[in-house]
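Close look at the chain arrangement
Okay, here's what each chain looks like letter by letter:
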Amino acid sequence: MTGERRALVVDDDASIRILVTRILTRNGFVVESARDGAEAIEKVLEHDYDVITLDLMMPRIDGFAVMKYISEHRPELLRKVIVVTAYGPNVIEKVCPSVVRIVEKPFDLNALLAEATARADNEPI
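Residues numbered from 1 in each chain as written. Predicted model: local features only at pLDDT ≥ 70, side-chain atom pairs only at ≥ 80, totals over all residues. Heavy atoms only, no water.

1. Focus on the overall build of the chain
Tallying secondary structure elements over the chain gives 5 helices and 5 strands in all. Expressed as a percentage of its 125 residues, the buried residues of the chain come to 46%. Contacts spanning at least 24 positions in sequence make up 57% of the contacts within the chain whose residues lie at least 6 apart. Working note: accessible area of the chain is about 6500 Å², and carbon and sulfur atoms make up 52% of it. (Helix = DSSP H or I, 4+ residues; strand = E, 2+ residues; numbered from the N terminus. Buried < 20%, exposed > 50% of the residue type's maximum accessible area, 1.4 Å probe, protein only. Contact = heavy atoms within 4.5 Å. Areas by Shrake-Rupley, 256 points an atom, 1.4 Å probe, with all protein chains shown as cover.)

2. With respect to helix α5 (residues 109–120)
An α-helical turn contains 3.6 residues, so any two residues separated by three or four positions project in the same direction. In this model, α5 (12 residues) spans 16 Å end to end at C-alpha, consistent with the 16 Å of a helix rising 1.5 Å per residue. Taken together, the buried positions of α5 are L112, L113, A116, A118, R119 and A120. The inward-facing, buried residues of α5 contact β1 (5–10), α1 (14–26), β2 (29–34), β3 (51–54), β4 (81–85) and β5 (101–104). Looking one or two residues past α5, N122 carries a phi angle of roughly 55 degrees, positive in sign. (Expected span 1.5 Å × (residues − 1).)

3. Observations regarding the pattern of salt bridges
For side chains of opposite charge, pairing can occur when their charged atoms come near one another. Using the criterion set out here, one finds 11 salt bridges in the structure. Across the salt bridge formed by D48 and R74, the nearest N and O atoms sit 2.3 Å from each other. Pair noted here: D48 is in the loop between α2 (37–46) and β3 and R74 is in the loop between α3 (63–73) and β4, with a separation of 26 residues, a long-range link. Assessed through its relative accessible area of 51%, D48 is described here as exposed. When salt bridges with common partners are traced through the structure, they connect R6, E32 and K43 into a single cluster. (Salt bridge = Lys/Arg side-chain N within 4 Å of Asp/Glu carboxyl O.)

4. Details of the sheet that holds β3
Strands sit in the order β2-β1-β3-β4-β5 across an open sheet of 5 strands; the sheet is parallel. Pairing within the sheet leaves two strands with one partner each, and these edge strands are β2 and β5. This sheet shows a mean twist of 20 degrees between the axes of neighbouring strands, independent of strand direction. Summarising the sheet, β4 and β5 pair through 4 bridges and their orientation is parallel. Bridge pairing in β5 places V83 opposite I102. Lying on the sheet, α1 is in contact with β1, β2 and β3; it crosses β2 at an angle near 165 degrees. (Pairing = 2+ DSSP bridges. Axes fitted to C-alpha atoms, helices over the stretch in contact; angles between N-to-C directions.)

5. What about α1?
The terminal C-alpha atoms of α1 lie 18 Å apart, and with 13 residues this matches the ideal 18 Å at 1.5 Å per residue to within 8%. Buried within α1 are the following residues: I16, R17, V20, I23 and L24. Buried residues in α1, looked at end-on, bunch into an arc of 140 degrees, giving them a common side. In α1, those exposed residues whose orientation departs by more than 90 degrees from the buried face are R22 and R26. Packed against the buried residues of α1 are β1, β2, β3 and α5. A positive phi of about 95 degrees marks G28, the residue just after α1. (Arc of directions from axis to C-beta.)

Below you can see the structure in the form of structure tokens.
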């Protein structure tokens, strides 16, 4: 075990994907990214992650479907998901109450980093 903290950044907006990847990488995460939910599901099948940042509105397979997939096939990862969205928390809680962290767009990079670090370090919810 290397002790590396692994992150998956899922967003169809390239600029957001690059920005989040850079901030996490600079803070010690090994980061992979996905452009949509289909890529995210493929990566979740292949690897374990300490944190997953997940956009909701994406082509092919959206973030709602990714959360549903994770809840059915890898439920232990749900507590590692940070939904990054313009939707309010009430919408997310109705769809998937197990997702406990939501960062609203436009987001504060420090708040996102704090959430990612907490998820990776298994801090109490």
